[in-house]
Amino acid sequence: MNKSFTPVVAGNALPSDAPAPATPKAIAQRGAAPNPSVEALKQRFGAAVQRVDVIWGETTVVVAGGQLLDIVRWLHDDPGQRYDYLSDVTAVEYRDLEEPIDVVWHLRSLPYRRFLRLKVKIAKGAALEVPSVWSVYRGADWLERECYDMFGIRFTGHPDLRRLLMWEQYKEGFPLRKDFPLRGRFSRSEQLRQALAANPEARYSKEELTIAQAFEDLPDDMRRRLSTGEKTGE
């Protein structure tokens, strides 16, 4: 039997006299009050909180990669934070010789109606590795696989880190990296050669292969018309 499910009511951890949620207006580009979790993070993790930016009312906290997992777990488990929803994992690569690659986590605390963006900066030349948060958020599974697939960032501790959008044998790099060749490293003829050299039995089910083999059993005239694209029915 499945475990009972308790729905989360947004804002249920706020005081009863808290103001009703409203769409903020006239937000300053910079200088607005940070997310209340920032002060608690500084008290708990000290120097691991490297920088805080508040832009258009959203708070971004740059943290040390070595303590990322501890920080995320604390934000999830602490009764005063309760960030129970990981909505995205992505990365940003700047076209800059010095600027590092940022790995970004979007966390939401539904009970407190808070949004927090965490960043870890990976310096130029350093290994593209950060801890996986899968042990805290099971929803990180596909989010981290997508980030790995597009940026090549390895999430250490992920239980099944494979490409998600590109096929597993894809060898031309990571499509959202700045050094990705828009026309591909391989020529079209090389891509065609690799496709023709692939073993179809390793990629298709028996049912699909049976349908393909049935083509050989069709009458000659029908196979000829199908080969030229001519419609044979309707």
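See the structure printed just above.
Residues numbered from 1 in each chain as written. Predicted model: local features only at pLDDT ≥ 70, side-chain atom pairs only at ≥ 80, totals over all residues. Heavy atoms only, no water.

Caption draft 1: View of the overall build of the protein. Scanning the protein from N- to C-terminus turns up six helices and seven strands. Buried positions account for 32% of the 234 residues belonging to the protein. A separation threshold of at least 6 residues defines the contact pool for the protein, and within that pool the share at least 24 residues apart is 51%. (Helix = DSSP H or I, 4+ residues; strand = E, 2+ residues; numbered from the N terminus. Buried < 20%, exposed > 50% of the residue type's maximum accessible area, 1.4 Å probe, protein only. Contact = heavy atoms within 4.5 Å.)

Caption draft 2: Local environment of the pairing of strand β2 (residues 58-63). The element β2 is extensively covered by neighbouring structure, given that five of its six residues are classed as buried. The sheet contact formed by strand β1 (residues 49-55) and β2 spans six bridges and is antiparallel. Paired with Val52 across the bridge in β2 is Val61. In terms of strand pairing, β2 meets strand β5 (residues 114-122) through three bridges, oriented parallel. Considered in β5, the bridge of Thr60 is made with Arg117. (Pairing = 2+ DSSP bridges.)

Caption draft 3: Structural context of the nonpolar core. Residues Leu41, Leu75, Leu86, Trp105, Leu118, Ile153 and Phe155 are the most contacted members of the largest nonpolar core, which totals 41 residues. Elements with a minimum of two residues in this core: α1 (37-45), β2, α2 (68-77), β3 (85-92), β4 (101-109), β5 and α3 (140-151). Residue contributions to this core peak at six residues, all from α3. (Core = buried A, V, L, I, M, F, W, Y, C linked by side-chain atoms within 4.5 Å.)

Caption draft 4: Region of interest: the packing of aromatic side chains. One pass over the structure, following the stated rule, counts three aromatic pairs. Aromatic side chains Phe45 and Trp74 sit 5.8 Å apart centroid to centroid with 80 degrees between the ring planes, which places their arrangement in the edge-to-face category. Remark: Trp74 occurs in helix α2 and Phe45 occurs in helix α1; sequence separation between them is 29 residues. Arranged with centres 5.0 Å apart and planes meeting at 80 degrees, the rings of Trp167 and Tyr170 form a pair that is edge-to-face. Classification of Trp167 by relative accessible area gives partly exposed; the value is 47%. When the ring centre of Tyr112 is taken as origin, the NZ or CZ atom of Arg114, which lies over that ring, is 4.6 Å away. Its end group placed over the ring of Trp134, Arg138 keeps NZ or CZ at 3.8 Å from the ring centre. (Phe/Tyr/Trp six-rings, centres within 6.5 Å; stacked < 30°, edge-to-face > 60°. Lys NZ or Arg CZ within 6 Å of the ring centre and 35° of its normal.)

Caption draft 5: Up close: the pattern of salt bridges. The tally for this structure, following the rule as stated, stands at eight salt bridges. Residue Arg51 is joined to Asp53 by a salt bridge in which the shortest nitrogen-to-oxygen separation is 2.9 Å. Arg51 gets classed as partly exposed once you look at its relative accessible area, which sits at 42%. For Asp53, a relative accessible area of 18% gives the class buried. As a salt-bridge pair, Asp160 and Arg162 come within 2.8 Å of each other at their nearest N and O atoms. Since its relative accessible area comes to 33%, Asp160 is described here as partly exposed. Here the salt bridges do not stand alone but share partners, grouping Asp102, Lys119 and Lys121 into one network. (Salt bridge = Lys/Arg side-chain N within 4 Å of Asp/Glu carboxyl O.)

Shape descriptors only; they carry no functional weight alone.
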